[in-house]
Structure formats: C-alpha cells, structure tokens
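Notes for the structure review
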Amino acid sequence: MTGDDHPLLAGLSAEQREAVTTRASPLCLIAGAGSGKTRVLTRRIAWHADQGHIDPRRTLAVTFTRRAARELRSRLRQLGAAGAVKAGTFHSVALAQLRRHAADSDRRPPQILDNPAKLIAELHPSSDRRTRNDIIAEISWCRARLVTAGDYPAAAKAAGRRAPLGRYECFAGTFGDYQAAKRKRRVLDFDDVLARATEMMESLPQHAAAQRWLHRHLLVDEFQDINPLQFRLLKSWLGPDSTLLVVGDPDQAIYGWNGADPKLIDSVAEHFPGCAVMHMRTNFRSTPEVLTAAGRVLGRAPQPAVRPPGGDPTITVCDGAEEAEVLARLIRRRHRPGSRWRRQAVLARTNSQLEPLRQALLQRNIPVVTTGETGLLRRPEIAAVRESWTDNARLASCVADTRQWLQEASGDGGGASDDGHNAAFGIGNGPGSSGHTPATRADTPAARADVKAFIEAFLDFAEDHLSLDPDATAGAFLTSLRADDRALGRGDGVDLTTFHGAKGQEWPIVYLVGLEDGYVPIHHARTAEARAEERRLLHVAVTRAQQELHLLWCDQRHNGDKTFLKAPSPWVEAISEGFSGATGQADNVAAVGRAREMLRAKRDEQR
Ligand code: ATP
Ligand code: MG
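Residues numbered from 1 in each chain as written. Chains lettered and ligands numbered in written order. Predicted model: local features only at pLDDT ≥ 70, side-chain atom pairs only at ≥ 80, totals over all residues. Heavy atoms only, no water.

With respect to the overall build of the protein chain
Stated formally: In this text, helices come from DSSP runs of H or I with a minimum length of four residues, and strands from runs of E with a minimum of two, each type numbered from the N-terminal end. Classification of residues uses two cut-offs on accessible area relative to the type maximum, computed with a 1.4 Å probe and protein chains only: under 20% is buried, over 50% is exposed, and between them is partly exposed. Here, two residues are considered to be in contact whenever any of their heavy atoms come within 4.5 Å of each other.
Scanning the protein chain from N- to C-terminus turns up 24 helices and 13 strands. Taking all 607 residues of the protein chain together, 54% fall into the buried category. Taking the contacts inside the protein chain whose residues are at least 6 apart along the sequence as the reference set, 77% of them involve residues at least 24 apart.

Printed below as a string of structure tokens:
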C-alpha cells in the first residue's frame, strides 16, 4: 500500500506527511515544540522500511539520553517497526563500535574509568567535592567543544567561562594531568569513547566502511543539543551511501552550558552539502493559552494551535513554608477517581527544589514516580540483580533468565499477586537459582510494584544495549550504563522532574514550581548567552503542558530562622501580562506586579 490512506500515514498533517515520505537526504527538519518532530522521525523509519526503501536492520536512531532512546523504541514498537531498528545514545553507539573493533582485532575491550572524581582527587588531594565536580564538568565542556588543555585559557576567556581552580592556566594544568593519567592507566572516560570512535572512523578505512555498512540510515532527534565532539562523530559515520535525517528546534537548545553548540543546527546546510531543510509550524500538543504563555516567554508570536482553547494558566504565590501544601491541594483537586496520577507533572529548575516536594507529596499520600534523574545503578534492587550477573556472562541470557524469574516471582508476568511477590522479592534466590536471579526485599504492595518496575526498566535498557551489540557481555552493558542510567519508574504517580529532564515529554497538567528570580533564571546565569538559555529552558518547561499550566512562586523562603524575600521570575511577569483579565486570578497577577515593582525600586535604590 502506498497511497494516502496507508495506516503509517494516518494522523499526519500535510507537512508531516511530506517530511515522512520524502526521500530527500540529508534532510533537516526544524520545527517548534510539540509540532510532531519525534512523530515524523519514527513514522519515517516505519514508512521507508515498509516501502522497502531502507533495511530496518541497518537503521540507527540516535538521541542524547537513554530514556529518549527508550521512548523512540517504544514508539517504533507501536508502529510495528521496533524489532530490527537500533536506537541509542551517542555514547552507547560509540562504545559498541569500540567493542566490536576490539573483538574483531583480538584486542582487549576498552576499559572505562570507574570514577573520574577519584582520579581528580588523586591529582588534587586538597580539593573539596564541589571543586572536583566543577573540574569534571569543565573538562567535559572542553571535550565537548574540542578544546585541548593548551587551548583552554584562550577558549575559556572567549567563552566567558570561570575556571574551577581560579586561574585559567591552573585548570589547564589539571586538565592536562587528568588526560595523561588516563593514558598511563590505559582507561577511557566517556568523552574519550566518542573521541576514540571518531579517530577510528577517520584513520581506519576498513573499520569505517564496516561501521557505515552497519548503520547506513541515521536519524538524530533533538539535534539542537548536539556538541562539536558528537557532531564530528556523526559526520564520520556518514558514507557516500548513507542517509541522514536530523530534527530539532533551536528554541529548545538548553545544553550550551554543557558544551552543546546551538549554531550547528542553524548551519546544518553548510555542513551537509545538498541538505534539504523543512519546517513545520503547527503545534499539536498544547492549548492556545499554553502556547500564548510559551510565546511570551520567548517574546514571540505563539505557535498556531490545533487543540481547542482550555483556560489561562494560573499563577499562585505563597510562602515557601506552605509551598508543598499548596501544591498538594492543587494536585489533589485535579485528580479524578479512576484517572491516573501520571497525568500531572511537577517541574522545577533544579533537582534540589524537587526533593522536599517529593517527600511532602508522599507524606500527604500522593504517589510520585521516581524521576529520570535517579540513577538505576544506585537502587538496591538493581544492585541485587547486578550481583547475580557475572561480568563475562552473555547479556542476552542474563536478561532472559532475569525476565523469567521476574515473571515467576510476580505470579503472572503482569499484575503481580502479593503472594508471588512475597515469595520472590522477599527471600533468597528466585526459582532455579541459576546464578542469574537476584534476591531483593520490598514490604508494601506499592514498594513491590516499584521494585518490579525498576527491574523492568533495567532489563529494557539491557535490551536496547543488545540491539546495538547482540554479543555483549553483562559487564559491557553495566559499563555503558554508567554514562547515563536515569530511568523512569513505570508505576502510576505524579511525575517530578527538572526542566532539563522534561525535554521531549508531555503531560495533560503541568505545574512549574519555584519560579523565582535566582531559580529562573538560575543565579549563576550571568552572561546574556546564559540568560537566553535559561529563557529557552523555561520555554521548554511551559511547552510540556497539553491542557493546563500552573505557575507557582514563593514571595519568601526560609532557611532555619532566616527569611529571604523573593521576586518572581521576570518571565512570570511577561506571561501574566498576556492574561485576559477574566480569569479570576486578578489578585495573583497583581501580586506578581507588586513584587516586580518592589524589586525594581530596590534595585534603583542600590544604583
Ligand atoms: P518536542 O519539541 O517537545 O520534542 P515534537 O516536535 O517532537 O515535540 P511530538 O512529541 O512528536 O512533537 O508530538 C507532540 C504531540 O502531538 C504528541 O502527543 C503527538 O502524538 C501529537 N501529534 C503530533 N502530530 C500530530 C497530528 N498530526 N495529529 C494529532 N496529534 C499529533
Ligand atoms: Mg520530540
């Protein structure tokens, strides 16, 4: 079937259909939030596979987080195209490439540095934890931007960066020592994995040809967040027979602080000669009111909407001491019996803002799902699974055994009986004691469901790994997981995540909390460039809402017996100026105005 009534083309707008069916390559799709970029990317794979234009086994979709890769595979599965298609992060694909090369040439597989912070501590015994983390982050920025230790002082100055150790030269010395120490120990960190994979593509023609044969069709989602190191690797993967689709939105570029280069998406046609560029304007996700708010954050006209009008966003101001109570009340009021808590999400600028809210919601008996920021490897049930796997065992059989154990342990492979759970999650090894089955403990039905969900998330990641490296050992998978092991529990609960973690996702009801100056924009965003990125970040957060958007800020916060007066984010004021006035929230809008006035007066006084 090839016509317009083909099921794979159903539910697509004319411009989406064009982007799905065109055989143009390279192709760059630049389109706003919620316009269906990810939908086009997955449909394009399914469509061209169905039409026999591409071999799905030689197709690779690349994203930036493991969780996004998982989302792609799950969308592809719904389209009946997941089995053969590979989806992974730059890191996981590059690591699989290095391992394959090592296996083919009878060399030892790449050894990954266990703990970069420990190595920095050896080089700088007097440094505290924070400085060590800053050093690691700055090294990562250098690597992402292809900046060497020698180039650092000039590059850092030009980019307006603050060196973690004060003087640029001092940091450059540490960076150089860190690189040398890794070389001496013959270990790689995750940036080295990308760099080494690129070098091999550039210097080993046979290896490059094999790699290009394996991944002939490449697709990259969220391209606005690519950094120069990843970009070089991507370019090296392309051969004369390759096809390429990249999709992205420059208004959602939020990883510049991490080394991403948002200019790359704008200059894509220069880098890929003959690249066709397509645009899509309509937003399919959000109500016109949400899109008006999003437009006001960016100081732009809103995207056209197809959803019917909902209501204006709400703005709530409260004292920091009451924040959790106010939030819990809002959430509970919107929760209908029988509906899922997961329809609602709470987003904040930083993780540390979320932790007390998570605790407070749980205390008030509102279930929450563990966010994408929590590492799987730190969870006890995953530690139990890991202990039962030996490093050299075949990953495929470890996964099969553990899945079987999980199914038997939960009584039915789906909705688990309490007895089944008690038997298996409680004591000792699972049935068969094959050495691949873990012992773990969970006490309440909710906690047991949580344990199961995390083990399943872990096994899903293992299966993604196998799609890239079918012969992988358990050890190789665990190593690759260290680059990014954030997963989302599958149970029902209110989703709590950061603005960064919310990228690419959507919820019917979204609460943005802590919208105060100092958080939004974050206090350390001092340059115009950094503030512009903060603005785009809030725009990402706002555009996650499908139907309802609720903004919360606190006019005072407390730390011990100290009280701090707070002002709302300047962009909250911009959003509130767009309200129709008929929203019944005149008091809240007035509070925003008053607080901003006070702040302006205080600043004038200080001048
Ligand atoms: P983001 O920029 O946030 O990553 P996106 O451009 O990737 O967003 P999608 O996630 O693909 O957008 O789509 C946004 C939402 O709109 C999804 O729920 C998707 O199913 C829906 N959608 C996309 N296109 C259509 C369409 N033609 N008709 C109906 N719904 C659509
Ligand atoms: Mg998307």
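Section: the layout of surface pockets
The line we're drawing: Cavities and pockets are found on a 1 Å grid laid over the protein atoms alone: a cavity is a set of points where a 1.4 Å probe fits but cannot escape, a pocket is an open set with protein on both sides within 12 Å along at least five of seven lines, and a lining residue has an atom within 4 Å of such a point. Grid points are joined across faces, edges and corners, and a volume is the space filled by probe spheres set on the points. Each residue is assigned to one of three groups, with Ala, Val, Leu, Ile, Met, Phe, Trp, Tyr, Cys and Pro labelled nonpolar, Asp, Glu, Lys and Arg labelled charged, and all others, Gly among them, labelled polar.
Volume-wise, the second largest pocket comes out at about 820 Å³. Residue lining of the second largest pocket: 29 residues in total, with L188, D192, A195, R196 and E199 positioned closest to the centre. Looking at the lining of the second largest pocket, the elements that each hand over two or more residues are α4 (90-104), α6 (129-144), α8 (168-185), α9 (190-203) and α11 (228-237). Sort the elements by how many residues they give to the lining of the second largest pocket and α9 lands first, with six residues. When grouped by side-chain class, the residues that make up the lining of the second largest pocket number 14 nonpolar, five polar and ten charged.

Description of helix α14 (residues 288-298)
A large share of α14 lies buried, amounting to eight of its eleven residues. Restricting attention to buried positions, one finds in α14 the residues E289, V290, L291, A293, A294, G295, V297 and L298. Where α14 is buried, its residues contact α22 (528-542), β12 (545-559) and α23 (570-576). Positive backbone phi, at 70 degrees, marks G299, one or two positions downstream of α14.

Concerning the sheet that holds strand β3 (residues 86-89)
Our working rule: By definition, two strands form a pair when at least two bridges between them are found by DSSP. Lines are fitted to the C-alpha atoms to define the axes, a helix being fitted only along its stretch in contact, and any angle between axes, read from their N-to-C directions, falls within 0 to 180 degrees.
Taken in spatial order, the six strands of this open sheet run β3-β2-β4-β5-β1-β6, and their pairing is parallel. Here the strands that pair on one side only, and so sit at the sheet edges, are β3 and β6 (276-280). In this sheet, neighbouring strand axes are inclined to one another by 20 degrees on average, regardless of whether the strands run parallel or antiparallel. Sheet topology places strand β4 (residues 217-220) next to strand β5 (residues 243-248); four bridges connect them, and they run parallel. Bridge pairing in β5 places L218 opposite L244. Its contacts with the sheet put helix α2 (residues 37-50) on β1 (27-31), β2 (59-63), β4, β5 and β6, and the angle it makes with β5 is roughly 160 degrees.

What about the environment of L298?
Note that L298 resides in helix α14. Ignoring sequence-local partners within four residues, the contact set of L298 consists of D251, R535, R536 and H539.

With respect to the pairing of strand β10 (residues 494-498)
Counting buried residues along β10, five of its five residues qualify, which places the element largely inside the surrounding structure. Burial of the side chains of β10 extends over both faces: V494, L496 and T498 are buried on one face and D495 and T497 on the other. As judged from the four bridges shared by strand β8 (residues 344-348) and β10, these two strands associate in the parallel manner. Of the residues in β10, the one forming a bridge with L347 is T497.

Section: the packing of aromatic side chains
The way to describe two aromatic rings as a pair is by their centre distance and the angle between their planes. Defined as follows: By convention, a stacked pair of Phe, Tyr or Trp rings (six-membered ring in the case of Trp) has centres within 6.5 Å and planes under 30 degrees apart, an edge-to-face pair has planes over 60 apart, and any other such pair is tilted. Only lysine NZ and arginine CZ atoms are considered, and such an atom sits over a ring when it is within 6 Å of the ring centre and within 35 degrees of the ring normal.
Using the criterion set out here, one finds eleven aromatic pairs in the structure. With 5.9 Å between their ring centres and 35 degrees between their planes, Y255 and W257 make a pair best called tilted. Take Y255: its relative accessible area is 19%, and that puts it in the buried class. Since its relative accessible area comes to 47%, W257 is described here as partly exposed. Among the aromatic residues, ring-to-ring pairing joins Y152, Y168, F171 and F175 into one connected group. For R379, the ring lying beneath its charged end belongs to F454, and the centroid distance is 3.6 Å. The ring of Y519 is capped by K566, whose NZ or CZ atom sits 5.9 Å from the centre of that ring.

A closer look at empty space enclosed by the protein
The final tally for this structure, using the stated rule, is two cavities of 30 Å³ or more. For the largest cavity, the calculated volume is near 50 Å³. Lining the largest cavity, in full, are R66, A69, A87, G88, T89, S92, D464, H465 and L468. Looking at the lining of the largest cavity, the elements that each hand over two or more residues are α3 (66-78), β3 and α20 (445-468). Its residues placed into classes, the lining of the largest cavity shows three nonpolar, four polar and two charged. Its boundaries defined by the atoms lining it, the second largest cavity holds a volume of some 40 Å³. Surrounding the second largest cavity, R66, T89, H91, S92, L95, F190, S480, A483 and D484 form its lining. The leading source of residues in the lining of the second largest cavity is α4, at three residues.

Considerations on the site of ligand 1
Selection rule: Only heavy atoms are used to decide nearness, and a residue is near a molecule or strand if one of them lies within 4 Å of it. The term polar contact refers here to a pair of N or O atoms within 3.5 Å; inside protein, the definition further demands a hydrogen-donor-capable atom paired with an acceptor-capable atom, and it admits residues adjacent in sequence only when both atoms are side-chain atoms. Working definition of accessibility: Shrake-Rupley area with a 1.4 Å probe, residue cover restricted to the visible protein chains.
In the region of ligand 1, 20 residues are neighbours, and K37, T38, Q252, E506 and R544 sit closest. In this structure, E506 approaches ligand 1 through a side-chain N or O atom, which is 2.5 Å from an oxygen atom. Protein chains bury 85% of the 640 Å² of accessible surface belonging to ligand 1 in isolation. The element contributing the most residues to the shell around ligand 1 is α2, with three residues. Residue composition of the shell around ligand 1, grouped by class: three nonpolar, ten polar and seven charged.

Interpretation in functional terms is not warranted from these geometric data alone.
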